[in-house]
Every structure is written in C-alpha cells, then in structure tokens.
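Here is how the chains run, residue by residue.
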Amino acid sequence: MSDGRLGLTVTHRRYVPYSHAHYAGNLVDGAYALGLFGDVATEVCIRTDGDEGLFASYADVQFVSPMRAGDVVEVTATVVRVGTRSRTVEFVARVVCRGRPERGGSAAEVLAEPIVAVTATGTVVVPGAA
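Each value, and the rule that gives it
- Residues numbered from 1 in each chain as written.
- Predicted model: local features only at pLDDT ≥ 70, side-chain atom pairs only at ≥ 80, totals over all residues.
- Heavy atoms only, no water.
- Salt bridge = Lys/Arg side-chain N within 4 Å of Asp/Glu carboxyl O.
- Helix = DSSP H or I, 4+ residues; strand = E, 2+ residues; numbered from the N terminus.
- Buried < 20%, exposed > 50% of the residue type's maximum accessible area, 1.4 Å probe, protein only.
- Contact = heavy atoms within 4.5 Å.
- Polar contact = N/O pair within 3.5 Å; in protein donor to acceptor, adjacent residues only side chain to side chain.
- Phe/Tyr/Trp six-rings, centres within 6.5 Å; stacked < 30°, edge-to-face > 60°.
- Core = buried A, V, L, I, M, F, W, Y, C linked by side-chain atoms within 4.5 Å.

Trainee: I would appreciate a short explanation of the pattern of salt bridges in the present structure.
Mentor: All told, the structure shown has nine salt bridges when counted by the stated rule. Measuring nitrogen to oxygen at the nearest pair gives 3.1 Å for the salt bridge that ties Arg 14 to Asp 39. Here Arg 14, found in strand β1 (residues 9-15), pairs with Asp 39, found in helix α1 (residues 30-49); they are 25 residues apart in sequence, far enough to count as distant. In this structure, Glu 43 engages Arg 47 in a salt bridge whose closest nitrogen and oxygen atoms are separated by 2.7 Å. With Glu 43 and Arg 47 both in helix α1, this residue pair falls four residues apart, about one helical turn. Overall, Arg 47 belongs to the exposed group, its relative accessible area being 57%.

Trainee: Explain the environment of Glu 52 here, please?
Mentor: Structurally, Glu 52 can be placed in the loop between α1 and β2 (54-63). Each C-alpha atom, one on Glu 52 and one on Val 124, is 9.6 Å from the other, the two residues being 72 residues apart in sequence. Setting aside residues up to four positions removed in sequence, Glu 52 forms contacts with Thr 42, Cys 45 and Ile 46.

Trainee: Is there a simple way to explain the side chain of Asp 71 in this structure?
Mentor: For Asp 71, the location among the structural elements is in the loop between β2 and β3 (72-82). Reaching out from Asp 71, the side chain makes a polar contact with the side chain of Arg 98 at a distance of 2.8 Å. Setting aside residues no more than four positions away along its own chain, Asp 71 makes contact with Arg 14, Tyr 15, Val 16, Pro 66, Val 95, Cys 97, Arg 98 and Gly 99.

Trainee: How should I be thinking about the packing of aromatic side chains in this particular structure?
Mentor: In this description, a pair of aromatic rings is defined by centroid distance and the angle of the planes. The tally for this structure, following the rule as stated, stands at four aromatic pairs. Where Phe 55 meets Phe 91, the ring centres are 5.8 Å apart and the plane angle is 25 degrees; that geometry is what we call stacked. Of the two residues, Phe 55 is situated in strand β2 and Phe 91 in strand β4 (residues 86-99); the sequence distance between them amounts to 36 residues. According to the relative accessible area criterion, Phe 55 is partly exposed, its value standing at 31%. You can call Phe 91 buried: its relative accessible area is 1%.

Trainee: What is the right way to look at the environment of Val 44 in this model?
Mentor: Checked against the element boundaries, Val 44 lands in helix α1. Val 44 sits in the buried class, given a relative accessible area of 0%. The spatial distance from the C-alpha of Val 44 to the C-alpha of Arg 87 is 9.4 Å, given a sequence separation of 43 residues. If we skip the residues at most four places from it in the chain, Val 44 touches Leu 8, Val 10, Ala 77 and Val 79.

Trainee: Any chance you could explain unusual backbone geometry here in plain terms?
Mentor: Peptide bonds are mostly trans, and most non-glycine residues show a negative phi. A positive phi angle, near 60 degrees, is found at Asn 26, a position not held by glycine. Position of Asn 26 relative to the elements: it lies in the loop between β1 and α1. Taking the relative accessible area as the measure of exposure, Asn 26 reaches 29% and is therefore partly exposed.

Trainee: Would you mind going over the nonpolar core with me for this structure?
Mentor: Within soluble globular proteins, side chains that are nonpolar generally end up buried alongside one another. Among the nonpolar cores identified, the biggest contains 26 residues, and Phe 37, Met 67, Val 73, Val 75, Phe 91 and Val 118 are the most heavily contacted of them. Mapped by element, the contributors of at least two residues to this core are α1, β3, β4 and β5 (108-125). Every residue in contact with Met 67, bar those within four places of it in the chain, is listed here: Val 16, Asn 26, Leu 27, Val 28, Tyr 32, Ala 33, Leu 36, Val 73, Val 95, Arg 98, Ala 117 and Val 118.

The following block contains the structure:
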C-alpha cells in the first residue's frame, strides 16, 4: 500500500532583499537558504500531518552556487520517506530571477535556466497519532 504523503512537493518563491546581503558582491549567507528550507518544511508538515512539525536534522547540505540580494529564489521540498513520526525531505533552492545592478539600480531579469544554489536532505518530525 502506497503512502499518499510520499512524493508530496511544496514550492515557495521569495525575493531576496538587499538588506540580507552579508558579503561582498551582495552575497547572502548560507543560513538564509536554510531558513527558507525550514519555511517550506513547515508547509509540508501542515499538508501531510496537520501540524507545523519540528525540523530535526540535516543529513546533507550542498552550497552549489551563490545566492545574491536581488535574486528571486524558488525553494522546493519533496517528501522522499515517511516514517511513523519522521519525514525525510529533499530540498532545492533555485535562483529563477537575478538583479542586474550593472544595468541600472533596479534592473533585473528572469533567467532562461534556473540556477541551483543549495540542495539539502533533512528530517522533520511530527506528533504521534492521538
């Protein structure tokens, strides 16, 4: 019997404000992506179990490409394993739009191909059945 929660995918999009730039070149620190993963994991738990759940751990985090202030980031979470109270979730953060300040103060573009910025695998836990 297949668990209907397996394969559930949730996607959020967020503009990265310039106030979040942390390093030269308007780079955003890696913790920003982890915060986005936490947000999308919360929605996964609500959809699968009717509870916000708790983030328990990351098994793997890979910072593949930079995220910058002025980007629009798409964050996707997919449930890949369902345990009694735990859910294993794969995360991907992709840059889908990028600011282009060299073209003007508010210039930006939609990228022809999204750039994978961060990937991760994590575990969330939800309360047991009442």
